[in-house]
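Given next are the chains, with one letter for each unit.
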There are 2 protein chains.
Amino acid sequence: MTTVRGARARARIEITAAIKDEARTQLAAEGAAKLSLRAVARELGMVSSALYRYFPSRDDLLTALIVDAYDAVGAAAERASAEAEAERPLDRWTAVCRAVRAWALAHPHEYALIYGSPVPGYTAPQDTIAPAARVGLVLIDIVRGAHTGEGVALPPLPDALSPEAERISTDLVPDLPPALAVALVAAWAQLFGLVSFELFGQFQRVVEDRDPFFTAAARRLGQDVGLLPGG
Amino acid sequence: MTTVRGARARARIEITAAIKDEARTQLAAEGAAKLSLRAVARELGMVSSALYRYFPSRDDLLTALIVDAYDAVGAAAERASAEAEAERPLDRWTAVCRAVRAWALAHPHEYALIYGSPVPGYTAPQDTIAPAARVGLVLIDIVRGAHTGEGVALPPLPDALSPEAERISTDLVPDLPPALAVALVAAWAQLFGLVSFELFGQFQRVVEDRDPFFTAAARRLGQDVGLLPGG
DNA sequence: ACGAAACGAGAGCACTGCTCTTGCTTGCGA
DNA sequence: TCGCAAGCAAGAGCAGTGCTCTCGTTTCGT
């Protein structure tokens, strides 16, 4: 049997989920800094030491939440992409960007957990790298689907960038020209720059009506990666 | 006398500076999360309660460090802009972007403090808003200095964005066209998206040779705000 | 020269993450 | 079917945290 072994195993995954749920609740309420293992345990009616049977440390709990958060934004992006499948590539790109922003606004603390300052001197655990790539893959897919041979005139690559551009291209999108690969990675980072600035308060007293602003900026980003307004 | 009143006042500003210095050291070593008032006090040979004569709380100490950090990046950007004053606007823009990135790489924890996740539900103290604007002002200056009437063809503004574009323009750069103002704000946010992604590890296994990549992206950003490669 | 304000030291409170020990319960293998 | 190892919760405890309050001392303006 590959199914659950018994009552004990089932209980374990249920409790693990309950811990993550309660932790997520506290995260949403107070932020990552104030997430307290003892408070989680208290709320769940257990004693703090019992919690260490499920997560070896507070950081491991946080890592689990990080993975879940990456999966959540990734899923939101994938859903948006699927729903806009019939639309023109540039509209689809914009829809995905808007979905990412919407998820971020709905889950600010979880967003901060993954795109804010990571614990410094800390290298991302292996578990996080695959989920972290999901949004990027969605964007890649849209651009790849739209790339019809030699559509757009991309700015020429400076010589110093050529080797790196080749590397990025072969690693990520071997079927697209290197200049596009570079533009894509840059647009990906810039998208989260827009979201982060809005979420982290840098737009206070600068941008008031943020939805149209973001939409226009995201659309522009799409044009930067070769998606044409015409379709 | 408007000068220092006496030994006591002089001592106060010296001790305040010493506290900030030591705090900055700990920040650089371990990150904001592990910055401990008690450890700072210990290192300075005083008792923790004495420290509260200078900063009413840990958050106030952090706020002071935030202001200093904003001033530091701002100063770095201004310096770069001044040094590149003779160059073509696009090169000057790129130089400023590179200076921001260089400062961030040199002071990762301080960068994270200001452009990473701010304590959520938290609104920036009044003291931080002026220093926070410095980098943006430098960028504005370069673009304004380069704007010669009707140089570039900016993409048309969607209707939904027009009112907000007017607002941003009159607030920030009344002498430039609204479409340019919007592009400028977006480029500003996108610049920090690039820096943050590099610093926070999102480029791991994606971009290896980051200097030319960043330079090209920053240059592209400059073109997005109407700076021409030709000069 | 006096009194108020500023200051440093110390004790103490409530809280944190984490460890260790002590028993109870579960469930697998003999 | 039974026994024993593993899984588990509970409690006590340690070292550390931010912050408060009190108590003498020093400094400085009047």
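The name an unreviewed UniProt entry assigns to chain A is AcrR family transcriptional regulator, from the organism Streptomyces nymphaeiformis.

A. Representation of the packing of helix H6 (residues 108-115) of chain A against helix H10 (residues 178-199) of chain A within the structure. Residues and elements named next belong to chain A. Across the interface, H6 lies against H10 with an axial gap of 11 Å and an inter-helix angle of 130°. In this view, H6 runs oblique relative to H10, as classed from their interaxial angle. Crossing geometry of H6 relative to H10 is assigned as left-handed. Packed against H6, whose contacting residues are Pro 108, Tyr 111 and Tyr 115, the element H10 presents Phe 192, Val 195, Ser 196 and Leu 199 at the interface. Broken down by class, the residue content of the contact of H6 with H10 amounts to 6 nonpolar, 1 polar and no charged.

B. Main features of the domain arrangement of chain A. Residue and element names in this part refer to chain A. Split by domain assignment, chain A resolves into domain 1 (1-55) and domain 2 (58-230). A separation of 31 Å is found between the C-alpha centroids of domain 1 and domain 2. Counting from both sides, the interface comprises 13 residues of domain 1 and, opposite them, 10 residues of domain 2. Of the roughly 1100 Å² buried between domain 1 and domain 2, counting both surfaces, carbon and sulfur atoms make up 70%.

C. Quick peek at the relation of the copies chain B and chain A. Superposition record for chain B on chain A: RMSD 0.0 Å, screw rotation 180°, translation along axis 0.0 Å. In symmetry terms, the pair is related by a two-fold rotation axis. Among all C-alpha atoms of chain B, that of Gly193(B) lies closest to the rotation axis, at 1.7 Å. Most of the interface of chain B is mirrored in chain A: 98% of its interface residues are interface residues there too.

D. Seen up close, the UniProt feature "domain: HTH tetR-type" (unreviewed entry) in chain A. UniProt marks residues 13-73 of chain A with the feature "domain: HTH tetR-type" (unreviewed entry), using the numbering shown here. For residues 13-73 of chain A, the end-to-end C-alpha separation is 23 Å, with 74% helix and 0% strand making up the annotated structure.

E. Molecular detail of the protein's contact with DNA strand D. Lining the immediate environment of DNA strand D, one finds 24 residues, of which Ser49(A), Arg8(B), Arg38(B), Arg42(B) and Arg58(B) sit closest. One nitrogen or oxygen atom from the main chain of Leu37(B) is found 2.7 Å from a phosphate oxygen belonging to DNA strand D. Looking at the surface near DNA strand D, the elements that each hand over two or more residues are helix H1 (7-30) and helix H3 (48-51) of chain A together with helix H1 (7-30), helix H2 (37-43) and helix H3 (48-51) of chain B. Classifying every residue of the surface near DNA strand D by side-chain character gives 9 nonpolar, 6 polar and 9 charged.

F. Representation of empty space enclosed by the protein in the model. For the coordinates displayed, the defined rule picks out 3 cavities of 30 Å³ or more. In this structure, the largest cavity spans a volume of roughly 40 Å³. The wall of the largest cavity is formed by Ser196(A), Phe197(A), Phe200(A), Gln202(A), Tyr115(B), Phe192(B), Gly193(B) and Ser196(B). Put simply, the parts of the chain that give the lining of the largest cavity at least two residues each are H10 of chain A together with helix H10 (178-199) of chain B. If one sorts the elements of the lining of the largest cavity by residue count, H10(B) sits on top with 3 residues. Here the residues of the lining of the largest cavity sort into 4 nonpolar, 4 polar and no charged.

Reading guide: rules and limits
Residues numbered from 1 in each chain as written. Chains lettered and ligands numbered in written order. Predicted model: local features only at pLDDT ≥ 70, side-chain atom pairs only at ≥ 80, totals over all residues. Heavy atoms only, no water. Axes fitted to C-alpha atoms, helices over the stretch in contact; angles between N-to-C directions. Helix = DSSP H or I, 4+ residues; strand = E, 2+ residues; numbered from the N terminus. Parallel < 35°, antiparallel > 145°, perpendicular 65-115°, else oblique. Left-handed = near helix turned anticlockwise from the far one by under 90°. Contact = heavy atoms within 4.5 Å. Nonpolar A, V, L, I, M, F, W, Y, C, P; charged D, E, K, R; others polar. Domains from an automatic or database assignment. Buried area = accessible area lost by both parts, 1.4 Å probe. Least-squares fit on C-alpha atoms with pLDDT ≥ 70 in both. UniProt positions renumbered as here; feature names shortened; annotations may be inferred. Near = heavy atom within 4 Å. Polar contact = N/O pair within 3.5 Å; in protein donor to acceptor, adjacent residues only side chain to side chain. 1 Å grid on protein atoms, 1.4 Å probe; cavity = no way out; pocket = protein on both sides within 12 Å on 5 of 7 lines; lining within 4 Å. Points joined across faces, edges and corners; volume = space filled by probe spheres on them.

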